[in-house]
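Residue-level structure breakdown
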Amino acid sequence: MNKILTPDRQDYDRGEYTTFEQGAPPGVPQLSLADLLMVLKRRKWWLIGTVAIITLLGIVAATTMTPLYSATTSVMVDPREERVVNVEDILTGLPADAGTLESEIEVLKSDALAKRVIAQTGLDATAEFNPLIARAQAEANPPLIDVDRWISAVNPIPAIKRWVAGAEEEPVDPDASARRAETAMLGKFMSRVDVRTVGRSRVLEVTFTSEDPALAQRVADTIAQLYITQQLEAKFDARQRANQWLGERLSKLREEVEKADRAVEQYRAQAGIVEGRDTRLINEQISGLNAQLIIARSDLNAARAQLSAAESAVRQRGGRAAFDAVDSPIVTNLRNQETLLRQREAELLNTLGPRHPQVIDLKEQIREIQNAIGAEAGNRLNGLRSQVQVAQERVSSLEANARRLEQEAGRLGGVEVEYRQLERVAEANRTLYQNFLSRSRETEEVNFERPNAYIVSNASMPLDASFPNKKLVVAAAFVIACFLGLVLVFVAEQMETGLQTQDDVERLLRERTLSLIPVIPGALGRRRPQDYVLEKPSSAFAQAVKSLFTSLVIAHQRQGGGNVILVTSAVPGEGKSTTAASLARIMSVAGRKALLIDCDLRRPQVHEALKLDNKLGLADFLAGGATLPQVLKKDPKSGADVITAGSHVDHPEEILRNPLFEQLLVNMGPQYSLIVLDTPPVTPVSDTLVLADKASQCVMVARWRRTPAKLVEKALRRLKEAGGNVVGIALTQVDTRKAARYGSGEADYYIGKRGSYFKN
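Residues numbered from 1 in each chain as written. Predicted model: local features only at pLDDT ≥ 70, side-chain atom pairs only at ≥ 80, totals over all residues. Heavy atoms only, no water.

1. Regarding the overall build of the chain
When helices and strands are counted, the chain shows 25 helices and 14 strands. Counted over contacts in the chain with a minimum sequence separation of 6, partners at least 24 positions apart contribute 80%. As displayed, the chain has an accessible area near 42400 Å², and 54% of this comes from carbon and sulfur atoms. (Helix = DSSP H or I, 4+ residues; strand = E, 2+ residues; numbered from the N terminus. Contact = heavy atoms within 4.5 Å. Areas by Shrake-Rupley, 256 points an atom, 1.4 Å probe, with all protein chains shown as cover.)

2. A short note on the side chain of Ser577
Structurally, the position occupied by Ser577 is in helix α17 (residues 576–589). A relative accessible area of 11% means that Ser577 is categorised as buried. Looking at Ser577, its side chain comes within polar contact range of the side chain of Asp678, at 2.7 Å. Excluding anything up to four places from it in sequence, Ser577 contacts Gln605 and Asp678. (Buried < 20%, exposed > 50% of the residue type's maximum accessible area, 1.4 Å probe, protein only. Polar contact = N/O pair within 3.5 Å; in protein donor to acceptor, adjacent residues only side chain to side chain.)

3. A look at the pairing of strand β4 (residues 193–197)
Consecutive residues of a regular strand have side chains that alternate between opposite faces of the sheet. Pairing between β4 and strand β5 (residues 203–210): 5 bridges, direction antiparallel. Opposite Arg196, over in β5, you have Glu205 as the bridge partner. (Pairing = 2+ DSSP bridges.)

4. Describing helix α24 (residues 709–721)
Taking 1.5 Å of rise per residue, the 13 residues of α24 would be expected to cover 18 Å, and the 18 Å separating its terminal C-alpha atoms lies within 8% of that figure. For α24, the complete set of buried residues consists of Ala709, Val712, Ala715, Leu716 and Leu719. Along the axis of α24, the buried positions cluster into a sector of 125 degrees, meaning they face one direction only. What points out from α24, more than 90 degrees from its buried face, is the exposed set Lys710 and Glu721. (Expected span 1.5 Å × (residues − 1). Arc of directions from axis to C-beta.)

5. What to know about the confidence of the model for the chain
Chain-level statistics for the chain give a pLDDT mean of 80 and a share of 80% at 70 or above. Long-range and interchain partners of residues 82–94, a stretch whose pLDDT sits below 50, account for 38 contacts in this model, where long-range means more than four residues apart. The low-confidence segment residues 751–756 (pLDDT under 50) makes 7 contacts with residues lying over four places distant or belonging to another chain. (pLDDT = per-residue confidence, 0-100.)

6. Quick word on the sheet that holds strand β11 (residues 641–643)
Across the sheet, which stays open at both edges, the 8 strands sit in the order β7-β14-β13-β8-β12-β9-β11-β10 with mixed pairing between neighbours. The open sheet has two free edges, formed respectively by β7 (513–518) and β10 (632–634), since each of these has just one partner strand. Within the sheet, the average angular offset between the axes of one strand and its neighbour, ignoring direction, is 25 degrees. Pairing analysis gives 3 bridges linking β10 to β11, with the strands arranged antiparallel. Following the sheet pairing, Lys633 is matched in β11 by Val642. Where α24 meets the sheet, it contacts β8 (564–569), β13 (697–703) and β14 (726–734), and its direction lies at approximately 165 degrees from that of β13. (Axes fitted to C-alpha atoms, helices over the stretch in contact; angles between N-to-C directions.)

7. Remarks on unusual backbone geometry
Geometrically, the link from Phe467 to Pro468 is a cis peptide bond, its omega value of -5 degrees lying close to zero. Topologically, Pro468 is positioned in the loop between β6 (453–457) and α13 (470–494). The backbone of Arg510 shows a phi angle near 60 degrees, a positive value even though the residue is not glycine. Here Arg510 lies in the loop between α14 (502–509) and β7. A relative accessible area of 23% means that Arg510 is categorised as partly exposed.

8. Quick notes on the side chain of Asp687
Summarising the element assignment, Asp687 is placed in helix α23 (residues 687–691). By relative accessible area, which is 0% here, Asp687 ends up buried.

9. Concerning the sheet that holds β4
Neighbouring strands of a sheet are bound in pairs by backbone hydrogen bonds; such pairs are parallel or else antiparallel. Reading across the sheet, the 4 strands line up as β4-β5-β3-β6 and stay open at both edges, with antiparallel pairing between neighbours. On the outer flanks of this sheet lie β4 and β6, each paired with one strand and no other. The average angle at which neighbouring strand axes cross in this sheet is 30 degrees, direction not considered.

10. Topic: the packing of aromatic side chains
Given two aromatic rings, their pairing is described by the distance between the two centres and the angle made by the two planes. Within this structure, the stated rule accounts for 3 aromatic pairs. The interplanar angle of 25 degrees and the centroid separation of 5.8 Å between the aromatic rings of Phe129 and Phe208 together place this pair among those described as stacked. Within this pair, whereas Phe129 is found in the loop between α4 (111–121) and α5 (131–140), its partner Phe208 is found in strand β5, the two being separated by 79 residues in sequence. The pair Phe129 / Phe208 is uniform in exposure class, with both members buried. Their ring planes at 35 degrees and their centres at 5.3 Å tell us that Phe189 and Phe208 sit as a pair that is tilted. (Phe/Tyr/Trp six-rings, centres within 6.5 Å; stacked < 30°, edge-to-face > 60°.)

11. Let's talk about the environment of Pro604
Topologically, Pro604 is positioned in the loop between β9 (594–598) and α18 (606–610). For Pro604, a relative accessible area of 19% gives the class buried.

12. A look at the packing of helix α2 (residues 44–64) against α13
To describe two helices that pack against each other, one gives the angle between their axes and the distance between the axes. One can describe the packing of α2 onto α13 by two numbers: an axis separation of 8 Å at closest approach and a directional angle of 155 degrees. Classified by the angle between their axes, α2 and α13 sit roughly antiparallel to one another. Considering how the two elements wind past one another, α2 and α13 form a crossing that is right-handed. Here the residues of the contact of α2 with α13 sort into 17 nonpolar, 4 polar and 1 charged. (Parallel < 35°, antiparallel > 145°, perpendicular 65-115°, else oblique. Left-handed = near helix turned anticlockwise from the far one by under 90°. Nonpolar A, V, L, I, M, F, W, Y, C, P; charged D, E, K, R; others polar.)

Given below as structure tokens:
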């Protein structure tokens, strides 16, 4: 069939139905607060028992634990510091930062300080910290109940180790035992020490815990005192190491300074470097010479220009032209005399004539003046030539000096690089030497007698035990108990794999819940359900069987088909035979004609349930060994017709495939209102699958809370694949009071005020 018609949970009371697709994935349950409270309600004794037991154990533990007392000493970490060297401090004080405080906490909790405290306070002589003494005292005064000895006696691990080693037990080494005892004592001591900062201050609180309050006070004070003493010792040792290191370093630096100075002097002598004369000075001299050379070359060019202009003028206009651009007092005077003589000559020529002695004398004087002017012109040209020569010689001298200085600068530039490097090395060594010399003197003046910490307050005698905190232990036990109880409840719920409510059937199996058949009151051995349904027709059990029939009638009205009802289960022991017998009986006493056929040929139960003869039955009829009247029996208590299983057969499934069985159902169908087939379980055998398509309706019986939903789902799948028309699930042996705790609304009708309709 393609679809299964199943009642919707919300609309079941109204008779409405919803359609589920076959193979649809089961829905996810939506847990509400009410559901969670119901889980806690039905598992309340699990939760209450767990909480009560664990809380009681917490109370016992809190009252039997050995009390411990804690004493606290406060220590201030001094942040002031005294520096020895700038680059790397050999001895430093303590800056007040978190890293320093954490470092000091680790120092206070170090093994070295712990060993000194143990030795000074005599903790190694107490049974609380020395396991050897504690063991000896335990052997001398054994407790009435030595749990540890019992555990050691039954502990197989040491024997297994000796067996695996394959050797005899080695003799105990006293030294090894002492070392183990020392390690254990140190670990015990460290577990009792606690060091922490007070807020954001530089104060450290040193707390020590012991069974003896006086010992706790003494040890806490001793830790602080030895911590300060250890600082002073460390400073003294550091001072000795610093002085030794600085002395060795100064000796090496002194040698390096002397070696560097010698290297500088040797290189200066080899390179011919004159002190105070370096490349910079020579470059300044070259710059001065270049400036002078520029001026000299300018003067030379000017002198050459004057000489060239004078010579050109003389060639063109005579010697007088040499003084055109130059004022010469001598030449000017001679020119004035010449001018006067020529005026005189002009006057005498007009009066005396050219041959007059005066005129001739004047001409001679003029000639002498002209010769003198010519001589002055020659001197002028010679002077200009001398100026040109002097200027040329100056330019040459300056050029020669500049070339010489440039050569010297080039030579010094090549050697001064290495020379300056040697000087820098020597200067660096001298600076480093002076620095270490001054730091060495500072080291001698530093005061190392003041520690970097001091005690703010000593420990006081503790009056109350710091452990155990009984209220906290009990509260913690209660919280843990609640948590474990909830975990236990959750695990118990998860282990519930059976079907508990109608919601489980619809959600996990996608099927209708036809009925919740309650377990009958009293022991099952004394009251048989199939008899109880007749004895108590108004009981909850009888009404549940009637409700099953009513559900089948509703399904028949909606789907149609015949009146053959197949009753089966997933596994044995579900109550299917009891359900089938009860259904047939209650229908018969209600006036309906019912036929019950026991189809379980392997393990027949109907004849035992109804106390009928099983000599001839269904197997004999189908095998041809008996007729229908011979196998048809009457239930004396209800009047229902019954066909028992009959004789044992080897292959029941082949017998059930006989067409005669189907013909039997067809012929008997009109004669009865209801034909009930009690078939074997679906999972272990395949007999029921042979009969699945012969029934008009198939009812799967599952035991409440016991049958896993996975098995029922598998059985349903096999039944549907065989052609069975599964109309729903009937949950049997339902404890109605417990079912009500699972939120089963149907179970509420069987208990309380609603259950007043039933007479059990």
